[in-house]
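What follows is each chain in one-letter form.
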Amino acid sequence: MKKIKLEIVGLSYSQTQSGAYALVLGENAGSRRLPIIIGGFEAQAIAIELEKMSPSRPLTHDLFKAFADQFEIKITEVLIYNLVEGIFYAKLVCSNASEQYEIDARTSDAIAIAVRFGCPIYTYEFILKSAGIVLDDEGDGSTKESGSDEIAELAETEAGADPKSELQAKSTEELKNMLNTAVQDEKFELASKIRDELNNRKTS
């Protein structure tokens, strides 16, 4: 199965889950984005390495790298290989002087380790097709304005209301406009919810 290379595009606060972050991976040779919700500790671990900051004491992922370096173990790649009920599955592909191993890991931990080893991150087409978000650049610009109104309306929903039911009330065309606008505004978590609703309509 052909692998698709990903790069870290962004990291932002989750709009719906307290203490969580949205990690956005981008297709290296394409326009699709893969948003993944991760915990605060893992987000901090990724951000610290991306910003080349040095904590006073090593974090868990730094300890892992120091341990691997000491015993001459290399992480050659990280592979996001499956998606089940909204949960991404990843593994570390490791090697020493003579053998190669695969170790199962949470996707957030795998990526925090990947940035420390400077190794590539890959996934498969079926995952990007299922969970990826792509911005449709075609059109005359009216899509963004229309979608912005719908997103503002959704954002103003009273606390306690079900955002899923709000999306279900929208037409497919309205959802497509909202999806384009959410991606343009880098609101990837909202975009993923809209994408899920559109996918549900295709399969129902």
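So, here's what we can say about the structure.

**Topic: the environment of Ile4**
Counting through the fold element by element, Ile4 comes out in strand β1 (residues 3-13). What makes Ile4 buried here is its relative accessible area of 13%. Sequence separation between Ile4 and Ile80 is 76 residues; the distance between their C-alpha atoms is 9.9 Å.

**A look at the sheet that holds strand β3 (residues 32-39)**
Spatially, β6-β5-β4-β7-β1-β2-β3-β8 is the arrangement adopted by the eight strands of the open sheet, whose pairing is mixed. Bordering the open sheet on either side are β6 (100-106) and β8 (133-134), each of which pairs with just one other strand. For β1 and strand β7 (residues 121-124), the ladder comprises four bridges, and the chain directions are antiparallel. Bridge pairing in β7 links Leu6 to Ile121.

**A short note on the pattern of salt bridges**
What the rule picks out here adds up to 11 salt bridges. Notably, a salt bridge pairs Glu49 with Lys52, separated by 3.7 Å at the nearest N-O pair. According to the relative accessible area criterion, Glu49 is buried, its value standing at 17%. Here Arg116 ties to Asp62 by a salt bridge, and the two come within 2.6 Å at their closest N and O atoms.

**Let's talk about the layout of surface pockets**
Here the second largest pocket is characterised by a volume of approximately 420 Å³. No other element matches the six residues that helix α7 (residues 172-184) contributes to the lining of the second largest pocket. Of the residues assigned to the lining of the second largest pocket, the class counts are five nonpolar, five polar and eight charged.

**Focus on the environment of Lys2**
Mapping Lys2 onto the fold places it in the segment before β1. On the basis of relative accessibility, which here comes to 70%, the residue Lys2 falls in the exposed class. Along the primary structure Lys2 and Glu125 are separated by 123 residues, whereas in three dimensions their C-alpha atoms are 7.5 Å apart. Those residues in contact with Lys2 that lie beyond four places of it in its chain are Thr123, Tyr124 and Glu125.

**Some points on the packing of α7 against helix α8 (residues 188-203)**
Relative orientation of the contacting elements α7 and α8 amounts to 155°, with a least axis distance of 9 Å. In this view, α7 runs roughly antiparallel relative to α8, as classed from their interaxial angle. As α7 runs across α8, the sense of the crossing is left-handed. Of the residues in α8, those touching α7 at Thr172, Leu175, Lys176, Met178, Leu179, Ala182 and Val183 are Phe188, Ala191, Ile194, Arg195, Glu197, Leu198 and Arg201. Split into classes, the residues belonging to the contact of α7 with α8 amount to nine nonpolar, one polar and four charged.

**Description of the state of the cysteines**
All chains considered together, the criterion is met by zero disulfides. Cysteine Cys119 shares no disulfide, and the gap to the nearest cysteine sulfur, in Cys94, comes to 9.0 Å. Residue classification places Cys119 among the buried positions, given a relative accessible area of 11%.

**Focus on unusual backbone geometry**
In this structure, Glu72 takes a positive phi of about 55° despite not being glycine. Turning to its location among the elements, Glu72 is positioned in the loop between α2 (60-70) and β4 (74-84). The class for Glu72 is exposed, based on a relative accessible area of 63%. One non-glycine residue, Glu85, lies in positive phi territory at about 50°.

Definitions and limits used
- Residues numbered from 1 in each chain as written.
- Predicted model: local features only at pLDDT ≥ 70, side-chain atom pairs only at ≥ 80, totals over all residues.
- Heavy atoms only, no water.
- Helix = DSSP H or I, 4+ residues; strand = E, 2+ residues; numbered from the N terminus.
- Buried < 20%, exposed > 50% of the residue type's maximum accessible area, 1.4 Å probe, protein only.
- Pairing = 2+ DSSP bridges.
- Salt bridge = Lys/Arg side-chain N within 4 Å of Asp/Glu carboxyl O.
- 1 Å grid on protein atoms, 1.4 Å probe; cavity = no way out; pocket = protein on both sides within 12 Å on 5 of 7 lines; lining within 4 Å.
- Points joined across faces, edges and corners; volume = space filled by probe spheres on them.
- Nonpolar A, V, L, I, M, F, W, Y, C, P; charged D, E, K, R; others polar.
- Contact = heavy atoms within 4.5 Å.
- Axes fitted to C-alpha atoms, helices over the stretch in contact; angles between N-to-C directions.
- Parallel < 35°, antiparallel > 145°, perpendicular 65-115°, else oblique.
- Left-handed = near helix turned anticlockwise from the far one by under 90°.
- Disulfide = S-S within 2.5 Å.

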